[in-house]
Amino acid sequence: METLEELKSIIENAPEGANYVTLDGKKYILIHGMHCKVFNCLGVWSVPVCNESDILINEKVRSLSDIKRIIELMEV
C-alpha cells in the first residue's frame, strides 16, 4: 500500500480530465462515455480503439476518485 505522500503524488501528476490510473502508475486514463484516452509516461494522449470495459479489464486500473477518498481518510 502506498504512503499518503505517494497517493498525493498520483493525484498531483494526473493530467486534466483523467479519471483512472494504472496499477503501476505509468499511465493515466480518461474514460468519458464511448471516448477513451490514455496518457502515457511521456506525456502523450493516445486514443486507443477500445471500449470502457476493455480498458478497465486489460489495464488493471484504479479510480482517481477512490484514491482521493483514501487520501481524505488517511488525513483524518
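See the structure above.
Reading the values: the criteria
- Counting restarts for each chain, with residues numbered from 1 along the sequence as it is written.
- Only residues with pLDDT of at least 70 get local features here, since the model is predicted, and only at 80 or more are side-chain atom pairs given and counted; chain-wide, interface and lining totals rely on the full set of residues.
- Processing note: side-chain calculations cover all non-hydrogen atoms of the structure and skip hydrogens and water entirely.
- Strands are runs of DSSP state E lasting at least 2 residues, helices are runs of H or I lasting at least 4, and numbering of each runs from the N terminus.
- Any pair of nitrogen or oxygen atoms within 3.5 Å is treated as a polar contact; in protein, a donor-acceptor pairing is required on top of that, and neighbouring residues in sequence qualify only through side-chain atoms on both sides.
- Every residue pair with non-hydrogen atoms within 4.5 Å of one another is taken to be in contact.
- Partly exposed describes any residue whose relative accessible area lies between the buried limit of under 20% and the exposed limit of over 50%, with all areas from a 1.4 Å probe on protein chains only and scaled to the type maximum.
- In short, DSSP must find at least two bridges between two strands for them to pair.
- Every case where a carboxyl oxygen of Asp or Glu lies within 4 Å of a side-chain nitrogen of Lys or Arg is listed as a salt bridge.

Enquirer: Tell me about the side chain of S63, and please be specific about residues and values.
Expert: With respect to the helices, strands and loops of the structure, S63 is situated in strand β5 (residues 61-63). Of note is the side chain of S63, whose polar atom sits 2.7 Å from the side chain of S65. The contacts of S63, once residues within four sequence positions are left out, are N19 and Y20.

Enquirer: Hey, could you go over the pairing of strand β2 (residues 28-32) for me, with residue numbers and the actual values?
Expert: Most of β2 is tucked away: four of the five residues are buried. Sheet topology note: the strand β1 (residues 20-22)/β2 ladder contains two bridges and is antiparallel. Bridge pairing in β2 links Y20 to I29. Taken together, β1 and the strand that follows it, β2, pair antiparallel across an intervening segment of five residues, in which G25 is found at a positive phi of about 75°. The sheet contact formed by β2 and strand β3 (residues 35-39) spans five bridges and is antiparallel.

Enquirer: I'd love a proper account of the pattern of salt bridges, names of residues and values included.
Expert: A complete count under the given rule lists three salt bridges for this structure. A salt bridge links E75 to K8; its shortest N-O distance comes to 2.8 Å. Placement of the pair is E75 in helix α3 (residues 64-75) and K8 in helix α1 (residues 4-12), with a sequence separation of 67 residues. Among the residues examined, E75 registers a relative accessible area of 46% and is labelled partly exposed. Owing to a relative accessible area of 31%, K8 belongs among the partly exposed residues under this scheme. Note that E72 is salt-bridged to R69, the shortest N-O span being 2.9 Å. With E72 and R69 both in helix α3, this residue pair falls three residues apart, about one helical turn. Relative accessible area serves as the criterion here: at 42%, E72 is assigned to the partly exposed category.

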